[in-house]
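Given next are the chains, with one letter for each unit.
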Amino acid sequence: GDGVFDETVFYENGVAKRAESDTNYDGKIDLWISYDVAGKAIAHERDTNFDGKRDQFIQLENEQPKIQRDDKNGDGEPESVIYYVNGAKSKSEEDASGDGKIDRWVTYQDGKPARVEEDTSGDGKVDLRAEFGPDGNKTLEVQDTNRDGRFDVTIRYEGGKKASVEEDTTGDGQPDSITYYRND
């Protein structure tokens, strides 16, 4: 060790109330933990980019994450919110474009992404959806390329590789162009 304390726990009546830690050993606090009256952790606040500002806020339930809010651009507002069930990621919402509006939604299965939906055009409507198998590989992607509110491109994957692309170029809801890919 370097002889410097990296964590300090503050007690009241023999019960932990809060703690401060220097997790990257630069001499600055970057993790703050709050405890309930029984001394169980109920919240973490972190400085994940080590700029001296708290940018990640995690509410705990039974000492496991329940809700995580991340301020990725330093404006004091979260751009990403992750919801947990029994400590595993359940769903998330994100302002990926930085315009102040949620435009990316992820649903998790067993803590891994199962479905991702995005509003890539900024019109408030989902125009891209991707689905993933338990192994993490993409199985399906649908796109609304002409912004009419209907998915007109379907991309199917096998073993994580593109297997086919179906396109509805006429807008009648039926594919009129199908391309198959060989994945030998």
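Read on for an overview of the structure. (Residues numbered from 1 in each chain as written. Predicted model: local features only at pLDDT ≥ 70, side-chain atom pairs only at ≥ 80, totals over all residues. Heavy atoms only, no water.)

**Quick word on the overall build of the protein**
Counting secondary structure elements, the protein contains 0 helices and 15 strands. Since a compact globule built from 184 residues should have a radius of gyration of about 16 Å, the 22 Å found for the protein marks it as more spread out than a globular shape. Considered along the principal axes of its C-alpha atoms, the protein spans approximately 70 × 35 × 30 Å. Sorting the 184 residues of the protein into buried and exposed places 28% on the buried side. Surface accessibility of the protein: about 11800 Å² in total, with carbon and sulfur atoms responsible for 45%. Computed over 25 positive and 44 negative side-chain charges, the inter-centroid distance for the protein is 3 Å. (Helix = DSSP H or I, 4+ residues; strand = E, 2+ residues; numbered from the N terminus. Rg over C-alpha atoms; globule rule 2.2 N^0.38 Å. Buried < 20%, exposed > 50% of the residue type's maximum accessible area, 1.4 Å probe, protein only. Areas by Shrake-Rupley, 256 points an atom, 1.4 Å probe, with all protein chains shown as cover. Lys, Arg positive; Asp, Glu negative; His and termini not counted. Charge placed at Lys NZ, Arg CZ, Asp CG, Glu CD.)

**Topic: the packing of aromatic side chains**
One pass over the structure, following the stated rule, counts 0 aromatic pairs. In this structure, Arg54 packs its charged tip against the face of Trp32, placed 3.9 Å from the ring centre. (Phe/Tyr/Trp six-rings, centres within 6.5 Å; stacked < 30°, edge-to-face > 60°. Lys NZ or Arg CZ within 6 Å of the ring centre and 35° of its normal.)

**Observations regarding the pattern of salt bridges**
Tallied over the entire structure, the rule returns 11 salt bridges. For Glu94, the salt bridge identified is with Lys72, shortest N-O distance 3.3 Å. Remark: Lys72 occurs in the loop between strand S6 (64–70) and strand S7 (80–85) and Glu94 occurs in strand S8 (residues 88–94); sequence separation between them is 22 residues. Look at the salt bridges and you will find they share partners, linking Lys72, Glu94, Arg104 and Glu118 into a network. (Salt bridge = Lys/Arg side-chain N within 4 Å of Asp/Glu carboxyl O.)

**Digging into the environment of Gly133**
Turning to its location among the elements, Gly133 is positioned in the loop between strand S11 (128–132) and strand S12 (138–143). Counting along the chain gives 76 residues from Gly133 to Phe57, while the straight-line C-alpha distance between them is 30 Å.

**Some thoughts on the pairing of S7**
Relative to S7, S6 runs antiparallel, the two sharing 4 bridges. Of the residues in S7, the one forming a bridge with Gln68 is Ile82. Where S7 and S8 come together, 6 bridges link them in antiparallel fashion. Within the sheet, the bridge partner assigned to Val81 lies in S8 and is Glu93. The loop that links S7 with its antiparallel partner S8 comprises 2 residues; one of these, Asn86, has a positive phi angle of about 55°. (Pairing = 2+ DSSP bridges.)

**Quick look at the side chain of Asp71**
Here Asp71 is to be found in the loop between S6 and S7. One buried charged residue, Asp71, remains without a salt bridge, the closest side chain of opposite sign being Lys53 at 8.0 Å. A distance of 3.3 Å separates a polar side-chain atom of Asp71 from the backbone nitrogen of Asp75. Setting aside residues up to four positions removed in sequence, Asp71 forms contacts with Asp55, Gly76, Glu77, Pro78 and Glu79. (Polar contact = N/O pair within 3.5 Å; in protein donor to acceptor, adjacent residues only side chain to side chain. Contact = heavy atoms within 4.5 Å.)

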